Amino acid sequence: MNPVLGRRPRILAATTAAAGLLLVAGCSSGGGGGKTTASGGVPLVKAGQLTTCTHLPYPPFQSEIDGTVQGFDVSLIDLVAKDLGVKQDIVDTPFENFKTGAFLNSEQCDLAAAGMTITPERAKNVDFSDPYFDATQAVLVDKKSGIGSFADLKGKKVGAQAQTTGEEYAKSKGLDPVSFESSDAVLNGLRTGQVQAVVIDYPVVQGWLKDKANADAFKVVDNLNTGEQYGFTVKKGNTKLVAAINRAIKDAKADGTYKKLYEKWIGPYDAAAASASPSAS
């Protein structure tokens, strides 16, 4: 199904991956009444914290584990927060807000981190960081389905996450995918037989298939290189925060931190993931 419009933001706790410290979320649900600046003159919507909008769950990039939000995106933004001398707080919001920049424009969040693909359409509403991850789409099916490739999906019941590039890609190829609100819902739809196959970001599938029960019953039959790259987003014109994010990504790739986080959250390190060229947006 489609995301619930107007869902109220959910305030969450985040963990600092590098330091292993528990951070208690404290972002107000209103505008930027506490607006201030951090190191380097970076503007913040609330003093003492870098407020991140995300959409849960989306493992391995962000998901709630033992009451705290953890993942690859969370760990990278923790590095940004550390450089700024503040802590990261996370707010769970509907995914469609990332396309419009609504929560950035209303100053409820400083940035959005949601495994979001950089596209020209989205760049009209938000400013992207340099890309931090190269992504592909996977076709995941039940091993008993008889489906062997993307070409076999015609006439089949296919699932995808609403408002994502996976859904857009399926539609562009003439499919009429069933929309689910989250990646977990997409995979559960496949598990329970609501759909016969799903088109979804491959890193999500990698994490899901680590579970032996899932790997025994389901398999990837196609990997679609759609040229996608993930980026973090900020409000239009927030050049100082974009620069801080880009600097943290660059430093993490240079000193080996990026590789360690990649192996922790995603799997065997792919050097191509660290060679993404800067975004033109």
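A short tour of the structure in this document, coming up.

Parameters at a glance
Residues numbered from 1 in each chain as written. Predicted model: local features only at pLDDT ≥ 70, side-chain atom pairs only at ≥ 80, totals over all residues. Heavy atoms only, no water. Helix = DSSP H or I, 4+ residues; strand = E, 2+ residues; numbered from the N terminus. Buried < 20%, exposed > 50% of the residue type's maximum accessible area, 1.4 Å probe, protein only. Areas by Shrake-Rupley, 256 points an atom, 1.4 Å probe, with all protein chains shown as cover. Contact = heavy atoms within 4.5 Å. Pairing = 2+ DSSP bridges. Axes fitted to C-alpha atoms, helices over the stretch in contact; angles between N-to-C directions. Core = buried A, V, L, I, M, F, W, Y, C linked by side-chain atoms within 4.5 Å. Disulfide = S-S within 2.5 Å.

### Some details on the overall build of the chain
Scanning the chain for helices and strands turns up 9 helices and 17 strands. Sorting the 281 residues of the chain into buried and exposed places 52% on the buried side. Total accessible area on the chain stands at roughly 11,900 Å², and carbon and sulfur atoms take up 51% of it.

### Observations concerning the side chain of Thr165
With respect to the secondary-structure elements, Thr165 resides in helix α4 (residues 165–172). Of the residues examined, Thr165 reaches a relative accessible area of 12% and is grouped as buried. What Thr165 contacts, discounting residues up to four positions off in sequence, is Thr117, Thr119, Arg122, Gln137 and Glu228.

### A few points about the pairing of strand β6 (residues 49–54)
Of all 6 residues in β6, 6 are buried, a share of seventy percent or more. A two-sided burial pattern is seen for β6, the buried positions comprising Gln49, Thr51 and Cys53 on one face and Leu50, Thr52 and Thr54 on the other. Strand direction decides the pairing type here: β6 and strand β9 (residues 87–92), joined by 6 bridges, are parallel. Bridge pairing in β9 places Thr52 opposite Ile90. Direction of pairing for β6 relative to strand β10 (residues 111–112): parallel, over a ladder of 2 bridges.

### Examining the sheet that holds strand β14 (residues 178–180)
Strand order across the open sheet formed by 5 strands is β14-β13-β15-β12-β16, with mixed pairing between neighbours. Every interior strand has two partners, whereas the edge strands, β14 and β16 (218–230), have only one. For this sheet, the mean inter-axis angle between neighbouring strands, taken without regard to orientation, is 25 degrees. Here strand β13 (residues 158–161) pairs with β14 via 3 bridges, running parallel. Counted as the bridge partner of Gln161 is Phe180 from β14.

### Here we look at the nonpolar core
If you look at the biggest cluster of nonpolar residues, it comprises 47 residues, and the most contacted ones within it are Leu50, Phe72, Leu84 and Phe133. Among the elements of the structure, α1 (72–84), β12 (133–142), α5 (183–191), β15 (197–201), α6 (202–208), β16, α8 (239–255) and α9 (257–265) are those that each provide at least two residues to this core. If near-sequence neighbours (up to four positions away) are discounted, Phe72 is found in contact with Pro60, Phe61, Tyr132, Phe133, Tyr258, Leu261, Tyr262, Trp265 and Ile266. Listed in part, the 13 residues of the second largest apolar core include Phe95, Phe98, Met116 and Phe128.

### Looking at the state of the cysteines
Two cysteines whose sulfur atoms are joined by a covalent bond form what is called a disulfide. Here the structure, examined in full by the defined rule, presents 1 disulfide. Covalent S-S linkage joins Cys53 and Cys109, the inter-sulfur distance amounting to 2.1 Å. Given an S-S torsion of about 70 degrees, the disulfide between Cys53 and Cys109 has right-handed geometry. A residue pair is termed long-range when its members are at least 10 positions apart, and Cys53 in strand β6 and Cys109 in the loop between α3 (102–105) and β10 qualify at 56 residues.

Bear in mind that shape data such as this cannot, by itself, settle questions of function.
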